[in-house]
Amino acid sequence: MPGARHVRLGRSGAVAVLEICAMTALYYGSARLGLLQQLVRGQVTPLWPPSGIALAGLLLRGWKLWPGIALGAFLVNISLGPSLPAVLAITAGNTLAPVCSAALLRRMGFRNELDRLRDALALIFLGAFTGMLISATVGSGTLVLAGVLNAEGFWPTWSVWWTGDAMGVLVVTPVLLVLSSAHRPKEVLPLRWAEGVLLAAATVGVGVVETGTTPLLFLGFPLLIWAAFRFQLAGAAPCALAVSTFAIIAATRGSGPFSGHDLLTSMITLQAFNGSASLTALLVAAVISERNETQREIARACGQLAGMVARIATGDHRPTLPGEDGPTETRRSSPHP
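Residues numbered from 1 in each chain as written. Predicted model: local features only at pLDDT ≥ 70, side-chain atom pairs only at ≥ 80, totals over all residues. Heavy atoms only, no water.

Q: Sorry, what's going on with the environment of Phe258 here?
A: With respect to the secondary-structure elements, Phe258 resides in the loop between helix H10 (233-253) and helix H11 (263-313). Judged by its relative accessible area of 2%, Phe258 is buried. As a C-alpha pair, Phe258 and Ile248 span 10 residues in sequence and 9.8 Å in three-dimensional space. Among residues more than four places away in sequence, those in contact with Phe258 are Leu217, Ala247, Ala250, Ala251, Ser266, Thr269 and Leu270. (Helix = DSSP H or I, 4+ residues; strand = E, 2+ residues; numbered from the N terminus. Buried < 20%, exposed > 50% of the residue type's maximum accessible area, 1.4 Å probe, protein only. Contact = heavy atoms within 4.5 Å.)

Q: In this structure, what is going on with unusual backbone geometry? I would like to understand it.
A: What you tend to see is this: most non-glycine residues have negative phi, and most peptide bonds are trans. The backbone of Leu114 sits at a positive phi, close to 50°, despite the residue not being glycine. Summarising the element assignment, Leu114 is placed in the loop between helix H4 (84-107) and helix H5 (117-130). For Leu114, a relative accessible area of 3% gives the class buried. In this structure, Gln232 takes a positive phi of about 55° despite not being glycine. On the secondary structure map, Gln232 appears in the loop between helix H9 (220-231) and H10.

Q: How do you make sense of the pattern of salt bridges when you look at a structure like this?
A: Side chains that carry opposite charge are capable of pairing whenever their charged atoms lie near each other. Counted according to the given criterion, the structure contains 9 salt bridges. Between Glu19 and Arg61 there is a salt bridge, with its nearest N and O atoms 2.5 Å apart. Here the residue Glu19 occupies a position in helix H1 (residues 2-35), and Arg61 occupies one in helix H2 (residues 49-61), the gap between them amounting to 42 residues. When its relative accessible area of 44% is taken as the criterion, Arg61 is described as partly exposed. Arg300 is paired through a salt bridge with Glu293; the nearest N and O atoms lie 3.5 Å apart. With relative accessibility at 42%, the residue Arg300 sits in the partly exposed group. Through salt bridges with shared partners, one network takes in Glu293, Arg296, Glu297 and Arg300. (Salt bridge = Lys/Arg side-chain N within 4 Å of Asp/Glu carboxyl O.)

Structure, rendered in structure tokens:
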């Protein structure tokens, strides 16, 4: 009926508007939080969460969210940018970067579950390293053209901008993809819960050490491997986010391994650590997920092969139907002779 059709279209349009508004709020809110951890006032932060949120939104909800990304980026940049044309240019770069990243990932058949090694590598090299070149290049170039930066300041600003956006994708996007597919397990053994609690407590303990006076950043890597091996991406992604967050806090405070160093050395150390932590979490989790799926496939194939051998041994040459694993299945009697 025409009336019912108009109602459905109206509801879908209202839902789309709400999703765009939600993306704008998430982008702007995460940007304000990210700016609280800037190493130098007014400069790009070492981890830019909006880039990861924008990419995750496009992968989960589709291209319709790009206006929300653009509006959120505009609201953030209008309070920081030197002029309206510069703000519009930077906003365009901030919007095009996640859109291009999502397009590249979709083109190569990316799966949001991140349960294959190829998906993890695609998120790293296409989603983070390649796509975020756009925002860094457009943003830094705009600041030079606007007279905010001199030519010598282009590459330092570009490198900080690019690594911050890339870290946002590597650290934030996997967590959001995990949350989107999370479901309450039907049954979890008490020991499994205890292991998860112990992992969380150990991660917090390592974070306290990182923000203290003892430079023991490497303590986070055994926890990342533990989380990836036992819980796959559902454990590795939150663990990587927590470890990276504690490292950023330590860098902003100038404590732990970041004490006594200049800004450039601190930035290199921080981004090298965050990048290594994220890559370790993603790659190990993907490899373990693929191994588990391969084992399940082998078990199914062995079950089918055993069923075929048993049929041959009993003289039953009826072909095995899909879903039949062996001779224990009974034939369904036909309702008609």
